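Listed here are the chains, written in short residue letters.
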Amino acid sequence: MSKVEADVVVIGAGASGIAAAVAAAEKDAKVIVYEKGSTTGGAANMGMGFFAVESRHQKAQMIDLTLDQAFDFFMEYTHWHADARLVRKYMAQSADTIEWIESLGVEFLGVYKYFEKSFPTWHVVKVPGSNKPTERSASVMFKALTDRAVELDVELNFQHTVKKIQKDPETGRITGVSVVDEQGNQIDCECDTLIVAAGGFGNNPEMIKQMTGYTWGEDLFSFRIPGDDGDGVNLMWDAGAVKSPVNVELTYTTPGITDIFKTLSETMRQPNLMVNLEGLRIFNEETMQNTTFTGNAISRQTGKTAFTIISDEIIEDYKKTGLDYITFHHNIKTVDKWQSEIDAYKSGGESETAGLSDLHGEDETGQVCFWEANSLEELCEKTGINYKNLQATIEEYNDCEGSYDTLFNKHPKYMRAIKGKKFYAAIHRPCGYGTLGGVKTNDMLQVLDAENKPVPGMYSAGFDACNIFGDSYCFLLPGNTMGWALNSGRMAGYNAVDYLDSDDFVE
Amino acid sequence: MKEIKLEIDGIEVSAREGQSVLNAALDAGIFIPNICSHPDLSPQGECKLCVVELRGETVLSCRTEAAEGMKVVTKSEHLAHLRNTAMELMLASHPHDCTSCRSYLNCELQSMMQYLESVHARLRSVPKKNIKWNTNNPIILREMERCIQCGRCVRACRELRDVGILEYRVLDGESYIGTAENKTLTEADCRFCGACVAVCPTGALQMDEETTYPVVPCRAACPAEVDIPRYVRLTKEGRYSEATTVIREKVPFPLALGHVCNHVCETECRRKELNEAVSIREIKLFAAQNDRAEIWKTNHKNKPATGRKVAIAGSGACGLTAAYYLSAKGHEVKVFERLPVAGGMMSTGIPEYRLPRDVVESEISALRENGVEIETSSSVESVEDLLGKPYDAVLLAVGASVGKKIPFPGADHPSVFAALDILRSVSLGETPPLGKSVTVLGGGNVAFDAARVCTRLGVEKVNLVCLEPEGAMLADDEEIQQGQEEGITIFNSKSTLSLEADGDALMGVKVIDVLEFSFGPGGKLNLTTKPGSEQIIPSDTVVFAVGQKTDLSEAMGVDLTPFGFAAVREGSCATSREGVFAAGDTVTGTRLLIEAMAAGRKAASEMDIFLGGDGNIEEILTSRDTPEGKIGINEGFAGLERNPVNFIDLDERLKGFTGIHCAYTADQAKSEAERCLQCDLRSCISKNKTWTDFIKQ
Ligand SMILES: Cc1cc2nc3c(=O)[nH]c(=O)nc-3n(C[C@H](O)[C@H](O)[C@H](O)COP(=O)(O)OP(=O)(O)OC[C@H]3O[C@@H](n4cnc5c(N)ncnc54)[C@H](O)[C@@H]3O)c2cc1C
Ligand code: SF4
Ligand code: SF4
Ligand code: SF4
C-alpha cells in the first residue's frame, strides 16, 4: 500500500471530471485524478458539442436567444423543480466556457439546433481538417483538456478505481480516498476536497431498476458505457450524501438496428404512423424528433413499446424527395441503402441480433425488431399488433392523407397514407444516454446530506449531480448534458479551491 | 547484447540490436501512434500510423530496425496528414457509434482517435458485409463490424499459441478475419485461451462476460487465491510435488481440501461455458497424494525468532492456518484447543467417511514439526488469562461449535440433539444414544452429514425434513444423491410444527406442507403453508441441523455482535480489545474450510503488523517459470469431457466410516488437467501502450 496527498482529488476523468481537474489546477491546487478507464472524456467522447447561451458564436450567427430567455424557458420547462440559483450560474458561465475551451486551441464548427423546434444552443466541436459535423467530434476537445491538465501538473491515473471515501469521524470532513490500481495494489490518497464525477450508473441495471423502475434489457435499452457503474453515487451515499431522485436521459431506440443500420433506422424514425400494441396512435408523430418526449410517450404504452409502420409507397416517395427529417449527427438524407440494409439485417438470420449482439443484452439476441410483410394482417401476426384496431386506425389515418390530421393535428405534409404492396414495421423501445442525478448539491455543487447541509469538502459534477432537469431531459436546449458536465465540473473545480482558501476550511 | 544509439526528435535514445525504431521510441518514453503493432507480436505494417521521417523519407517505424546514429523525426505536418488518412481509411468501415461497445474507454482505436484528432472519415462510409460469420461462439464474442483488420489476433493465435486457426479471408471482394472454411471456433479447435481478445485493439473481440471480469476466474473465486491454473498445469506435466507446493503457498491443508473443499472455484471456471467446469478439487487431491518429494518442506523457512508470543484459541482450519503463518514470521505460537483432538471441524465435525482422520493428523503434524505448538484439552475462557501473560497477541478462532435448536414444542426432549453433538461425539469415539428412527431437521450439507452418520451407526430409518422443494435444497447434489442411495428419506417442502411425545417416548415430528417461503430482514422466516396438510413423521430421535453459533459470552472479554459472533472492525480482524483478533467461523458463522483458512491468513498478516512485522506472509516455495504459451492444437478440445469423481461402491460405503472418495488415477488427473483453458496465460501478454500511458506522472 502506498500513500499520496493532494488538495483536490477528482474521481472520474470524463467531461465533468477533466474540466474540474483543469479548473482546480488553474487555481494552483495540487490535483490528482483517478479514472477507471484508460482514457479521458468518458461518455462525452461520443458527443459532438454542448450548450451555451450568448456565446460569441451565437452573436456572430445572429442568434438572439438571451440568457434571460433561456433561463426563463428552462425554469418553466422544469416547473421550477430545478435549483434556480444553480441553473442561473450554469447558464451564466456557459458562454465563457466556450472561450475557455477555445483557449486550448479547440475550434467550433458553429452553433446548431438539434431539430427543427429546438433552440440553437449546440456548439459543435470542429475536427481538424474537416468541415463536417461528425459523431465523436467532442473527443478532440478531451485530448486538449487532457493536455492542458498535464501542463498544469495534474496527476492523471488511469485504470485506477476509487473504492472508498475517507472522512474524519468527528468533523465529517473529507480526508481522503482509497484507490485500487490495475494490478490490485491499494493506494491511500489524502485530500482536503473531493470532486466526484464518475458518470452516473447507466451501466448498472440493478441500480437503474431500483432508482428509476425500468428493467434494463426488458423495457429499457439504454446505452451502457462500461465503467458508469454507479461507483460515484454509491461512494457518496456511503459517505453521507442524501439520495436524490434519478431520471434516465430518455430517448428511444430500435434495438439491434439504431446503432448499426442507419438508413433503416432513420427511415423508421420519420414522422409517419406510430401505434402501440393495441393498434392505436399514441401521439403527434411530428414530435418524434424530440426523442425525450417520444420516449415518454412510449413508456406509457403496454410493454413500453410502440411501432412505426410504413409501406413501399412511402419508400418510393422518399426515393424521390429524400427523407423528411434529417438528423444532424447521422446525416442520412436518402433511402439509397434501404434494401441493402434490410438484406444485411436479415442475413444475420432473423433469430440473431444483427451486429452489436451482446452489449444490448442476452435478451435482445433472438429478438427481431424490424419486419416486412405483404399485408397488414401478416404484419400484425408478426408484430403482435391488434389487427382490427390497426385496420381502423389506418383507415382513419389514410382518410386524412395530405390534409388535416383530425386526431393530433400533425402537419398535412407528413400525413402519408399507409398503402401499397409491402408493409414495414419497426419496434421502438425506451432508451437513454445515462442516468441523471443520484446526489443532491447546492448551487456551489457541494454535496448535501439528509439535513440539506454540505458534506464538508465533497463536491460532485456531471451525471452524478445532474438534478436540473426535473422529470424530463430538455432536448429543446440542445447540448445540455455535456454543457452541464463541463460547466458543473468547472464550477466545482473553482469552488473546491475557493473553499480551501476560505475561512470555512480549517486545517 | 549490443547497444545502439540513435536520435529521435532530437533526443538521444538507446536501442537493443535488432529492435525496431518504434519499440526503441516507445521504450524511451516517446510515443509514436500505432495500432497494428504489439510488443509481443511480429510487426505487420498494416495500419501505417507509425510512419516517421528518416533522411527525408517516410518509413514505417515498426518495420525499420534501429541503427547507430540514425536521426528520426516522429512529428511533422506531413506525418500528421499521412496518419489522418490512414485513420480515416480504418474508420470508413467502422461503426460511427461507440456507445454500445464494451471496450469503450479501454479501446486503443478510440484513444488513437483522440490523439490524432481524427474521429471520423471524411470519406464515404463503407459498411462491412462479412460480419455475420462466426458470431455464435461460446466464451469469445466477435463483433466484427468493429474490426479494423490489424491482424493482431491472427498473429497472436499463431505466434503466441501455435494454434493458428485465425486467418485473413476474402469474400465478395471484401476481406475479413475468420477461420478456415468459416468453421466456428469450437469446430476449428480453438483453445479459448483468449490471446486474440487480449491483443485486439478494438471492441471486435471480447470475452463473453460482463466487462469487468477476472482474467483468471477460478483463482479470483478462491477465497485463498490459490494459483489454480498453475498447479493444474504442473499436475498435467507430472510435477506433482511442485503442484502441491503451489497450493501450499496459500494454505497448509492441501489434502484435507482435496477431500472436502466445496470448490467455489469450479463454480466460476470458464470451461463450464464449453461443457463442464474443470474438476479442480480432484486434481488437487491427486497432486497432494502424490507429492513424494515434499519440496515445500525444504523450501519453507521460518523467519528468525522475533521473541513475540501469540496465543490462538481454537485449533480449527482458521486457527491452525494463522498459527502456521505466524510461526513462519518468527513468532512463537501456542494453540489452545478445548477438545482432546486438534483440527476443529476437520476432526470433529466433518464426518470421517468424507475426511479420513489420518489425513488431517498428517497435515497437523507437519505444522507441529514446523514449530506450531498445540495444547489439547485446554479451554480458553477469557483473553484476560492470555494477554500479557505472556502473550503479546491473541487470536480467537473458536469456530461456531454449538448446534442451534429451534424451540418447537417438544424440542427440549432428551432424544433431541443438534447435528454437531452427534458428529462430535462420533468423532471422539463415543456412541450417541440414538433410537431406531432418526429425523434430521434441515436440508444443508450438515444435515446430510448427520443423517449419513446415523445411517452408518445402524439407525434403521433416517428421515430428513426441509423447507426447500426438491431441486432447491442447500446441500450439494452429490450429498443428496448419495444420501438417498444410502436409504435416507427426504421430505421436501415441509415445515416443522412440533415434536410429538407419548409419555416419555418421542413419537415423531409433526410437519405441514410449505407452499412458499422466504427469509426477511434479520433472517425472519415468512411462510405460507397448506392448511390441513399436517402429518406426523414417526421417529424416536430428532436431530436439528439448522445452523451453528458460537458459545462465546461476555466472559471472553471482547465485544460480540447481537447474534453472538465476535465483533470485528470492518475489513479487519481486530476486535474491540487491543491485541485481540478474531477470525473464521467465530466471526462469520459456519462457512467453508477454505474461507476459514483464508481468514486465518488475513488474521496472521494483521497480527504480524501488530507485532511489528511487515504483514507479508506470501511465500514463494517453488520456482516461477513462465508457462509455455505455445499450447498448440488439441483435437476436439472444446468437447473434452469431465472425468467423474471416484467413489467406492454403495455396500462398501455403508460398512462403516472408511473414506468413500478416491483420488483420480494418474491418467484421469492428466486428462482432467488437459481440459483447463489456462486462463492465466493471458496475464503473460503485454499491454500495448497508448498515448495516455505516456503522460508523465
Ligand atoms: C458438519 C460440518 C461439515 C462441514 N463440511 C465442510 C466441507 O465439506 N467443506 C468445507 O469446505 N467446509 C465444511 N464445513 C465448514 C468448515 O468446516 C468450517 O467453516 C471451518 O472448519 C471453520 O474453521 P474455524 O477454524 O473457524 O472453526 P473450527 O474448525 O470450528 O475450529 C474451532 C476450534 O476451536 C475450539 N474451541 C472452541 N472454543 C474454544 C475455547 N474457548 N478455547 C479453546 N478452543 C476452543 C473448538 O473445539 C474447535 O476445535 C463444514 C462444517 C460443519 C459443521
Ligand atoms: S479482430 Fe481485433 S485484433 Fe483481429 S484484426 Fe480485427 S481489430 Fe485486429
Ligand atoms: S486459440 Fe486462443 S488465440 Fe486462437 S482463436 Fe482461440 S482463443 Fe483466440
Ligand atoms: S479453465 Fe482452467 S484457468 Fe480457466 S477457470 Fe477453469 S480451471 Fe481456471
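Treat the numbers as computed from the prediction; the structure is a model and nothing was measured.

Colleague: Can you break down the overall build of chain B residue by residue, with the values?
Modeller: Scanning chain B from N- to C-terminus turns up 22 helices and 27 strands. Over its C-alpha atoms, taken along the principal directions, chain B stretches across nearly 105 × 65 × 50 Å. Restricting to contacts in chain B with at least 6 residues of sequence separation, those with at least 24 account for 70%. As displayed, chain B has an accessible area near 28800 Å², and 50% of this comes from carbon and sulfur atoms.

Colleague: Can you explain the overall build of chain A? Please cite residues and give values.
Modeller: Counting secondary structure elements, chain A contains 14 helices and 16 strands. Radius of gyration (C-alpha) of chain A: 24 Å, near the 23 Å computed for a compact globule of 507 residues. Across its three principal axes, chain A shows a C-alpha extent of roughly 75 × 50 × 45 Å. When burial is assessed residue by residue, chain A has 65% of its 507 residues classed as buried. The long-range fraction of contacts in chain A, counting pairs at least 24 apart against all pairs at least 6 apart in sequence, stands at 73%. For chain A, the accessible area works out to roughly 18700 Å², and carbon and sulfur atoms hold 48% of it. Within chain A, the 74 negative side-chain charges are centred at a point lying 4 Å from the centre of the 45 positive side-chain charges.

Colleague: How would you explain the packing of aromatic side chains if you had to name every residue and give the values?
Modeller: What the rule picks out here adds up to 31 aromatic pairs over all chains. Where Tyr114 of chain A meets Phe115 of chain A, the ring centres are 6.4 Å apart and the plane angle is 80°; that geometry is what we call edge-to-face. Taken together, a centroid distance of 5.2 Å and an interplanar angle of 25° make the contact between Tyr114 of chain A and Phe475 of chain A stacked. Taken together, the residues Tyr114 of chain A in the loop between strand 4 (108-112) and strand 5 (122-125) and Phe475 of chain A in the loop between strand 16 (454-460) and helix 14 (480-501) connect sequence positions 361 residues apart. Residue class for Phe475 of chain A comes out buried when judged on its relative accessible area of 5%. Counting every residue linked through ring pairs, the aromatic cluster contains Phe74, Tyr114, Phe115, Trp122, Phe469, Tyr473 and Phe475 of chain A. Over the ring of Trp296 of chain B we find Arg248 of chain B, and its NZ or CZ is 3.9 Å from the ring centre.

Colleague: Before we move on, could you go through the site of ligand 1 and cite the residues and values that matter?
Modeller: Residues and elements named next belong to chain B. In the neighbourhood of ligand 1, 35 residues make up the surrounding shell, with Val260, Asn262, Glu337, Arg354 and Val380 lying closest. A distance of 2.6 Å separates a nitrogen atom of ligand 1 from a polar backbone atom of Val260. Protein contact buries 97% of the 1000 Å² of open area that ligand 1 shows by itself. Elements with a minimum of two residues in the shell around ligand 1: helix 13 (317-328), helix 16 (419-427), helix 17 (445-456) and helix 20 (593-610). For the shell around ligand 1, the element with the highest residue contribution is helix 13, accounting for three residues. Tallied by class, the residues present in the shell around ligand 1 amount to 17 nonpolar, 12 polar and six charged.

Colleague: Please provide a residue-by-residue account of the pattern of salt bridges, values included.
Modeller: All names here are of chain B. Counted by the stated rule, this structure contains 67 salt bridges over all chains. For the salt bridge of Arg308 with Asp392, the shortest nitrogen-to-oxygen distance reads 3.5 Å. On the criterion of sequence distance, the pair formed by Arg308 in the loop between helix 12 (295-299) and strand 10 (309-313) and Asp392 in the loop between strand 12 (373-375) and strand 13 (393-396) is long-range, its members being 84 residues apart. The class of Asp392 is partly exposed, set by a relative accessible area of 26%. Ionic contacts of the salt-bridge type, sharing partners, join the residues Arg354, Asp449, Arg452, Arg456, Glu479, Glu485, Glu486 and Arg653 into one network.

Colleague: Provide a residue-level description of the site of ligand 2, including the pertinent values.
Modeller: Looking at ligand 2, there are 14 residues lining it, with Cys147, Cys150, Gly151, Cys153 and Cys200 of chain B nearest. The class makeup of the residues in the shell around ligand 2 is 10 nonpolar, three polar and one charged.

Colleague: Go over the domain arrangement of chain A, please, and point to the residues and values.
Modeller: Residues and elements named next belong to chain A. One can read the domain layout of chain A as domain 1 (2-48 + 136-246 + 437-500) and domain 2 (250-432). Relative placement of domain 1 and domain 2: their C-alpha centres are 37 Å apart. Across the contact, 15 residues belong to domain 1 and 24 residues belong to domain 2. On the domain 1 side of the contact with domain 2, Tyr214, Phe221 and Phe475 bury the most area, a combined 37% of that side's loss.

Colleague: Any chance you could break down the nonpolar core for me, citing the residues and the numbers?
Modeller: Residues and elements named next belong to chain A. With 131 residues, the main nonpolar core has Val31, Met91, Met141, Phe142 and Ile468 as its most contacted residues. Of the residues forming this core, the biggest block, 11 residues, is contributed by helix 14. Apart from residues lying up to four places away in sequence, Val31 is in contact with Val8, Val10, Ala21, Ala24, Ala25, Asp153, Val154 and Glu155.

Colleague: Let's hear about the pairing of strand 17 (residues 461-465) of chain B: which residues, and what values?
Modeller: Residues and elements named next belong to chain B. Counting buried positions along strand 17 yields four of five residues, so the element is predominantly enclosed. Inspection of the sheet shows strand 16 (residues 437-441) paired to strand 17 by five bridges, in the parallel sense. Within strand 17, the residue paired with Val440 across the bridge is Leu464. Taken together, strand 16, helix 17 and strand 17 constitute a β-α-β crossover, and its handedness is right-handed. Sheet analysis places strand 17 next to strand 18 (residues 489-491), joined by three bridges and oriented parallel. Each residue of the ladder has a partner; that of Val465, found in strand 18, is Phe491. Taken together, strand 17, helix 18 (residues 477-485) and strand 18 constitute a β-α-β crossover, and its handedness is right-handed.

Colleague: Give me the lowdown on the confidence of the model for chain B, citing residues and values where you can.
Modeller: Scored by pLDDT, chain B comes out at a mean of 93, with 97% of its residues at no less than 70. Reported confidence for the predicted complex is 0.78 by ipTM and 0.82 by pTM.

Colleague: Can you tell me about the packing of helix 13 of chain B against helix 20 of chain B, naming the residues and giving the values?
Modeller: Residues and elements named next belong to chain B. Where helix 13 contacts helix 20, the axes come no closer than 7 Å and their chain directions differ by 40°. It follows from the interaxial angle that helix 13 and helix 20 lie oblique. Helix-helix and strand crossings are classified by hand; for helix 13 and helix 20 the assignment is right-handed. Together, Ala317, Cys318, Thr321, Ala322, Tyr325 and Leu326 of helix 13 and Leu593, Ala596, Met597, Ala599, Gly600, Arg601, Ala604, Met607 and Asp608 of helix 20 make up the contact between the two elements. Grouping the constituent residues of the contact of helix 13 with helix 20 by class yields 11 nonpolar, two polar and two charged.

Definitions and limits used
- Residues numbered from 1 in each chain as written.
- Chains lettered and ligands numbered in written order.
- Predicted model: local features only at pLDDT ≥ 70, side-chain atom pairs only at ≥ 80, totals over all residues.
- Heavy atoms only, no water.
- Helix = DSSP H or I, 4+ residues; strand = E, 2+ residues; numbered from the N terminus.
- Contact = heavy atoms within 4.5 Å.
- Areas by Shrake-Rupley, 256 points an atom, 1.4 Å probe, with all protein chains shown as cover.
- Rg over C-alpha atoms; globule rule 2.2 N^0.38 Å.
- Buried < 20%, exposed > 50% of the residue type's maximum accessible area, 1.4 Å probe, protein only.
- Lys, Arg positive; Asp, Glu negative; His and termini not counted.
- Charge placed at Lys NZ, Arg CZ, Asp CG, Glu CD.
- Phe/Tyr/Trp six-rings, centres within 6.5 Å; stacked < 30°, edge-to-face > 60°.
- Lys NZ or Arg CZ within 6 Å of the ring centre and 35° of its normal.
- Near = heavy atom within 4 Å.
- Polar contact = N/O pair within 3.5 Å; in protein donor to acceptor, adjacent residues only side chain to side chain.
- Nonpolar A, V, L, I, M, F, W, Y, C, P; charged D, E, K, R; others polar.
- Salt bridge = Lys/Arg side-chain N within 4 Å of Asp/Glu carboxyl O.
- Domains from an automatic or database assignment.
- Buried area = accessible area lost by both parts, 1.4 Å probe.
- Core = buried A, V, L, I, M, F, W, Y, C linked by side-chain atoms within 4.5 Å.
- Pairing = 2+ DSSP bridges.
- Right-handed = clockwise from strand over helix to strand, strands pointing away.
- pLDDT = per-residue confidence, 0-100.
- Axes fitted to C-alpha atoms, helices over the stretch in contact; angles between N-to-C directions.
- Parallel < 35°, antiparallel > 145°, perpendicular 65-115°, else oblique.
- Left-handed = near helix turned anticlockwise from the far one by under 90°.

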